[in-house]
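If you want the building blocks of each chain, they are given just below.
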Amino acid sequence: MNHFDRTGRRDRRILVTGGAGFIGSAYVRALLGPGGPPGVEVTVLDSLTYAGDLRRLDEVRAHPGLTFVRGDVCDARLAGELAADHGQVVHFAAESHVDRSIVDGSAFTRTNVLGTQTLLDAALRHGVTTFIHVSTDEVYGSIPRGAATEEDPLRPNSPYAASKAAADLIALAHHRTHGLDVRVTRCSNNFGPHQHPEKLIPRFLTSLLDGGSVPVYGDGLQVRDWLHLDDHVRGLELVRTGGRAGEIYNIGGGTSLTNLALTERLLALCGADATRITHVADRKGHDRRYAVDHTKISTELGYRPATDFDAALAETARWYHRHRSWWQPLIAA
Ligand code: NAD
């Protein structure tokens, strides 16, 4: 996995930061797996924080087009070396868990803001053709009604969302000031296999599978849009291959649920009932409702979420049921 035959053309080489994370690894598996674009070579740059896990890349580990580099996106020398050797960057690396950002936001500002700045500067200096910056719908803040479009103002509330919003603006400034081909994507809540058990769906599934209870924040009526990993990856590929420079693309899943309604589905999938719910104090600054309008990517690039939510949630529950050996060490850690 560490050897790399750099005979291919630079424009076919994609640097994927955070490629050992939940979404980045799914993107790498899609690029290098069956049906992926032909002739593509991928370098994963990942520092392997608690959230990074190379087991997510097992399926493509032996692929001759994959190189893994353990390193930090804030390392300007390394970013420069890698940028000089790649035509495109798809930037996932981030601190991604809102609750952690409430306890201590410093790593979020460092990785999400400074890391993005470091990569953008490296991309600019070394003539990277396209830079995809993967962001979040949380930058729009709480949306009382309707759905956020790409034109809406940024009103991030958590330190996590604020760090992502800052990175979005820095990325777009590199387009407007320097003409770098930057494309920003803003997706909703992702779900699917291989997600770290600190996040809501796997946290609840693993607790239920262990016979435990599920902690619901506040009244549980916070609303989220759910996006399956595979739909997100398809959306990102559409943006990488057909998106326009300097543009923002929302990527939504089209299934909007309160946390309580989602919890009821998870309980049913695990054969449990509402007695397993414990209501806990609400998260500080908890956004009430997120909703994204993905009309732009649909009309421009033909994006459509293809996953049936209930079937995919059941499949995800089965995955956690069958892969205890994958998640148990992460809970114990
Ligand atoms: P994740 O936490 O699972 O993975 C993040 C990866 O980045 C890990 O592999 C980690 O080791 C790596 N990383 C962290 N700091 C690094 C650093 N300084 N240098 C190099 N690598 C570093 O996150 P995810 O859920 O896969 O999210 C990927 C991207 O998508 C993030 O930018 C996140 O903000 C965004 N996003 C995620 C969701 C979601 O529902 N998971 C929703 C919207 C947006």
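Residues numbered from 1 in each chain as written. Predicted model: local features only at pLDDT ≥ 70, side-chain atom pairs only at ≥ 80, totals over all residues. Heavy atoms only, no water.

Strand order across the open sheet formed by seven strands is β3-β2-β1-β4-β5-β6-β10, with parallel pairing between neighbours. Looking at strand neighbours, the two that pair on one side only are β3 (66-70) and β10 (248-251), the edges of this open sheet. Averaged over all adjacent pairs, the angle separating strand axes in this sheet is 20 degrees, with direction ignored. Bridge count between strand β6 (residues 182-187) and β10: four bridges; the pairing is parallel. Considered in β10, the bridge of T185 is made with Y249. Contacting β1 (13-17), β2 (41-46), β3 and β4 (88-91), helix α1 (residues 22-32) crosses the sheet at an angle of about 160 degrees to β1. (Pairing = 2+ DSSP bridges. Helix = DSSP H or I, 4+ residues; strand = E, 2+ residues; numbered from the N terminus. Axes fitted to C-alpha atoms, helices over the stretch in contact; angles between N-to-C directions. Contact = heavy atoms within 4.5 Å.)

Glancing now at the packing of aromatic side chains. In total, this model carries six aromatic pairs according to the counting rule given. Here Y27 and F92 contribute two aromatic rings whose centre-to-centre distance is 5.5 Å and whose plane-to-plane angle is 50 degrees, an arrangement assigned as tilted. Within this pair, whereas Y27 is found in helix α1, its partner F92 is found in the loop between β4 and α3 (98-103), the two being separated by 65 residues in sequence. Grouping residues by exposure puts Y27 and F92 together as buried. Here the aromatic residues F191, W226 and F309 are joined through ring pairs into a cluster of three or more. Above the ring of Y50, the side-chain terminus of R100 is found at 3.6 Å from the ring centroid. (Phe/Tyr/Trp six-rings, centres within 6.5 Å; stacked < 30°, edge-to-face > 60°. Buried < 20%, exposed > 50% of the residue type's maximum accessible area, 1.4 Å probe, protein only. Lys NZ or Arg CZ within 6 Å of the ring centre and 35° of its normal.)

The next thing to look at is the site of the ligand. Close to the ligand lie 28 residues; I23, D46, S96, Y160 and K164 are nearest. A distance of 3.2 Å separates a nitrogen atom of the ligand from a polar atom in the side chain of T111. Between Y160 and the ligand, the recorded distance is 2.6 Å, taken from a side-chain N or O atom to an oxygen atom. Bound to the protein, the ligand loses 96% of the 830 Å² it would expose on its own. Among the elements of the structure, α1, β5 (130-136), α5 (159-178) and β7 (189-191) are those that each provide at least two residues to the shell around the ligand. Its residues assigned to classes, the shell around the ligand shows 12 nonpolar, 13 polar and three charged. (Near = heavy atom within 4 Å. Polar contact = N/O pair within 3.5 Å; in protein donor to acceptor, adjacent residues only side chain to side chain. Areas by Shrake-Rupley, 256 points an atom, 1.4 Å probe, with all protein chains shown as cover. Nonpolar A, V, L, I, M, F, W, Y, C, P; charged D, E, K, R; others polar.)

Summed over all chains, the structure comprises 20 salt bridges. Of the charged contacts, one joins D231 and R234 as a salt bridge, the two residues approaching to 2.6 Å between their closest N and O atoms. Placement of the pair is D231 and R234 together in helix α7 (residues 229-242), with a separation of three residues, close to one helical turn. Overall, the relative accessible area of 2% leaves D231 in the buried class. (Salt bridge = Lys/Arg side-chain N within 4 Å of Asp/Glu carboxyl O.)

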